[in-house]
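An overview of the molecular structure
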Amino acid sequence: MTETTKTAADSPDGRPDGSGAAAAEELRTLLLSRIQDVPDHPRPGVMFKDITPLLADAAAFGALTEALAELCVRHRADKVVGLEARGFILAAPAAVRAGIGFVPVRKAGKLPGATLGQAYELEYGTAEIEIHADALEPGDRVLVIDDVLATGGTAEASLRLIRRAGAQIAGVAVLLELGFLDGRGRLLAALDSAPLEALITV
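Residues numbered from 1 in each chain as written. Predicted model: local features only at pLDDT ≥ 70, side-chain atom pairs only at ≥ 80, totals over all residues. Heavy atoms only, no water.

As a further point, take the pattern of salt bridges. In a structure, side chains of opposite charge can pair up when their charged atoms sit close to one another. Inspection of the entire model under this criterion finds eleven salt bridges. As a salt-bridge pair, Lys79 and Asp140 come within 3.0 Å of each other at their nearest N and O atoms. Note that Lys79 is positioned in strand E3 (residues 79-83) and Asp140 in the loop between strand E6 (126-132) and strand E7 (141-149), a separation of 61 residues in sequence. Like Asp140, Lys79 is buried. A network of salt bridges, in which partner residues are shared, links Glu70, Arg74 and Glu197. (Salt bridge = Lys/Arg side-chain N within 4 Å of Asp/Glu carboxyl O. Helix = DSSP H or I, 4+ residues; strand = E, 2+ residues; numbered from the N terminus. Buried < 20%, exposed > 50% of the residue type's maximum accessible area, 1.4 Å probe, protein only.)

The tally for this structure, following the rule as stated, stands at one aromatic pair. Consider the rings of Phe88 and Phe102, whose centres lie 6.1 Å apart with planes at 80 degrees: the pair is edge-to-face. Of this pair, Phe88 sits in helix H4 (residues 86-98) while Phe102 sits in strand E4 (residues 101-107), placing them 14 residues apart in sequence. (Phe/Tyr/Trp six-rings, centres within 6.5 Å; stacked < 30°, edge-to-face > 60°.)

Looking now at the UniProt feature "domain: Phosphoribosyltransferase" (unreviewed entry) in the chain. UniProt's feature table lists "domain: Phosphoribosyltransferase" (unreviewed entry) at residues 64-176, given in the numbering used throughout. Taken end to end, residues 64-176 has its terminal C-alpha atoms 11 Å apart, with 32% of it in helix and 39% in strand. (UniProt positions renumbered as here; feature names shortened; annotations may be inferred.)

Let us look at unusual backbone geometry. His41 connects to Pro42 through a cis peptide bond whose omega is 5 degrees. Take Pro42: it is sitting in the loop between strand E1 (36-39) and strand E2 (47-50). Omega for the bond connecting Glu84 with Ala85 falls within 30 degrees of zero, at 0 degrees, which places this linkage in the cis form. Assignment of secondary structure puts Ala85 in the loop between E3 and H4. The phi dihedral of Asp40 falls on the positive side, at around 60 degrees, and the residue is not glycine. Secondary-structure assignment places Asp40 in the loop between E1 and E2. Although it is not a glycine, Asp182 adopts a positive phi angle of roughly 55 degrees.

Have a look at this one:
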């Protein structure tokens, strides 16, 4: 997937005066102002990006929900998949706002009934995620939403899981992309030209 430069005609509100880009920058500034850096969490040397202050701010959380719902509409999604656990918090209200269904992707063993699972590699060992076997219909267009794109392992596994269920990838949307970890590069093949939208990249 290649990066493209958005023109005025590509602005979310469709206005040719560039106000869409200004609105996007205003949103980015608002969201960044509500994300708190927590040093040395969960281990020394790690700078944790805490989104709980953003969630506690009704205006910021509302603006984030609107932005994610707009991406659902723009990419013609039929369902939203949220990744455990903070992805649930962002994806569920966006799905409601967009008027489409929400499907949780959970860690293995958390869902009752028949499930589809997908294993993926961690730095040390493996992990597995699951969805309900009947959660997606063949041909559904699915937008994956999560809070942070780091190394991309969970997101990549979710894309493979969605395709195994017979659905199509409408795209991936995240609040925050940690560009220095190159999760975007890891997702390229699994995205197969579907868009990756990050509201903030650091």
